[in-house]
Amino acid sequence: MTVSAAFTDFCASWLEREPQLLLASQFAAEGMERTRFVATQVLLREFCETAIAVSDPQVAQTRLAWWLDESQHWAAGLPRHPLAQAFEPTAAGALLAELVSATSRWLEAPSASTMADTLRLLDPIAIALAELALPSPVSSARGIAGEGAAGISSWRLCLFACALRLAPAGAPGLASLLPLDLLARHGRRRSDWMAAPPELLCSLIADCAAACPVVAGTAGSRPLRALVEIEQRWLARLAKGVGLARLRVNPGDAFAAWRAARRS
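Quick summary incoming for the structure in this document. (Residues numbered from 1 in each chain as written. Predicted model: local features only at pLDDT ≥ 70, side-chain atom pairs only at ≥ 80, totals over all residues. Heavy atoms only, no water.)

1. Some thoughts on the overall build of the protein
For the protein, the helix and strand inventory stands at 12 helices and 0 strands. The order of α-helices and β-strands along the protein, N terminus first, is α-α-α-α-α-α-α-α-α-α-α-α. In the protein, which comprises 264 residues, the proportion classed as buried is 50%. In the protein, 69% of the contacts between residues at least 6 apart in sequence involve partners at least 24 apart. Put simply, the protein shows about 11,400 Å² of open surface, and 57% of that area lies on carbon and sulfur atoms. (Helix = DSSP H or I, 4+ residues; strand = E, 2+ residues; numbered from the N terminus. Buried < 20%, exposed > 50% of the residue type's maximum accessible area, 1.4 Å probe, protein only. Contact = heavy atoms within 4.5 Å. Areas by Shrake-Rupley, 256 points an atom, 1.4 Å probe, with all protein chains shown as cover.)

Written out as structure tokens, the structure is:
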């Protein structure tokens, strides 16, 4: 499949910022499979950025409203966004609308009590993304199968890791990932956690990373397994207090991704 320059240009900034995505994409077959994988992961990052990194809720909702309008254009076979080239827009329009709705609910949700509650808020987003990644996506309202069913936990982990990277220490968006019980263990409340000293914020982020469940086995496609392996290694480093440094893929990450992709 040949994609337009607009598609390549739009994805380029994310591939540069997140080299693990570029590496993982090499485990997908050239053509539509690789294009769809990259496009779905870029959509994940676009929506995650809207929910986490945009400090003004009204701006975030405006961005989501644009995507909701775009979903109607996809359904009508008249997409405007270059990422649509990776999908069958008329079939994917409903899933894009579900992705918008799930992200909006995440934005508006009250503080989660536990990490399990936090992760449950991410599940509808992960389901929509897992469906979009399928060769012939169908609405998750009709049930999911194949990679969609097996890979939901993998897409959720990718979403969680991306959210942590997009929410620098002390940023309001980090509140969407910090459950109340974790704050309480550090002697903080939702009303005062942003005033915590830097070392305490680092501890909060480390504990948040450590609480993310491990994804094991062979769930999802080869590029998804490779990406999950790298993300889990990054979360493990973060849990040890390395800090929110930019993710850099080292030789150990690359070899672990290769092994994960070959698992069957």
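2. Here we look at the side chain of Q232
In this fold, Q232 is placed in helix α11 (residues 222-239). Given a relative accessible area of 16%, Q232 falls into the buried group. When sequence neighbours within four positions are dropped, the list of residues in contact with Q232 reads L157, P213, V214 and V215.

3. Looking at the side chain of E229
By the element assignment, E229 lies in helix α11. The exposure class assigned to E229 is buried, which follows from its relative accessible area of 18%. Residues within four places of E229 in sequence aside, it is in contact with A256, A257, A260 and R263.

4. Some details on the pattern of salt bridges
Inspection of every chain in the model, using the stated rule, returns 16 salt bridges. Between E70 and R80 there is a salt bridge, and its shortest N-O distance comes to 2.7 Å. Of this pair, E70 sits in helix α4 (residues 57-75) while R80 sits in the loop between α4 and α5 (89-108), and the two are 10 residues apart along the sequence. Taking relative accessible area as the criterion, E70 reaches 0% and is therefore assigned buried. Among the residues examined, R80 registers a relative accessible area of 41% and is labelled partly exposed. Salt-bridge contacts for E229 lead to R263; the nearest nitrogen and oxygen are separated by 3.9 Å. Separated by 34 residues along the polypeptide, E229 in helix α11 and R263 in the segment after α12 (251-262) bring together distant segments of the chain. Of the residues examined, R263 reaches a relative accessible area of 36% and is grouped as partly exposed. Beyond isolated ion pairs, a larger network of salt bridges with shared partners links R17, E46, E49 and R63. (Salt bridge = Lys/Arg side-chain N within 4 Å of Asp/Glu carboxyl O.)

5. Observations regarding helix α1 (residues 5-17)
Look at α1: 19 Å from first C-alpha to last across 13 residues, which is about the 18 Å you get at 1.5 Å a residue. Taking the largest bend as the criterion, α1 deviates by roughly 30°, centred on C11. Every buried residue of α1 is accounted for by F7, C11, W14 and L15. Where α1 is buried, its residues contact α2 (19-25), α3 (32-52) and α8 (152-166). (Expected span 1.5 Å × (residues − 1). Bend = angle between axes of the 7 residues up to and from the residue.)

6. Here we look at the packing of α11 against α12
Viewed as axis vectors pointing N to C, α11 and α12 meet at an angle of 140°, and their least axial separation amounts to 7 Å. On the basis of the axis angle, α11 is oblique to α12. When you trace α11 past α12, the crossing you get is right-handed. Counted together, R222, R225, A226, E229, I230, R233 and R237 of α11 and G252, D253, A256, A257, A260, A261 and R262 of α12 form the full contact between these two elements. Here the residues of the contact of α11 with α12 sort into 6 nonpolar, 1 polar and 7 charged. (Axes fitted to C-alpha atoms, helices over the stretch in contact; angles between N-to-C directions. Parallel < 35°, antiparallel > 145°, perpendicular 65-115°, else oblique. Left-handed = near helix turned anticlockwise from the far one by under 90°. Nonpolar A, V, L, I, M, F, W, Y, C, P; charged D, E, K, R; others polar.)

7. A few points about the nonpolar core
Side chains of a nonpolar character, in soluble globular proteins, are inclined to be buried together. Grouped together as the largest cluster of nonpolar side chains are 78 residues, with contacts concentrated most on F160, L164, L177 and L235. With 11 residues, the single largest contributor to this core is α8. The residues contacting L235, other than those within four sequence positions of it, are L157, F160, A161, L164, A209 and C212. (Core = buried A, V, L, I, M, F, W, Y, C linked by side-chain atoms within 4.5 Å.)

8. A few points about the environment of L99
Along the polypeptide, L99 turns up in helix α5. Judged by its relative accessible area of 1%, L99 is buried. Sequence separation between L99 and L68 is 31 residues; the distance between their C-alpha atoms is 8.9 Å. Look past the residues within four positions of L99 in its chain and what remains in contact with it is F47, I125, A128, L129 and L132.

Honestly, it's all geometry; don't read function into it.
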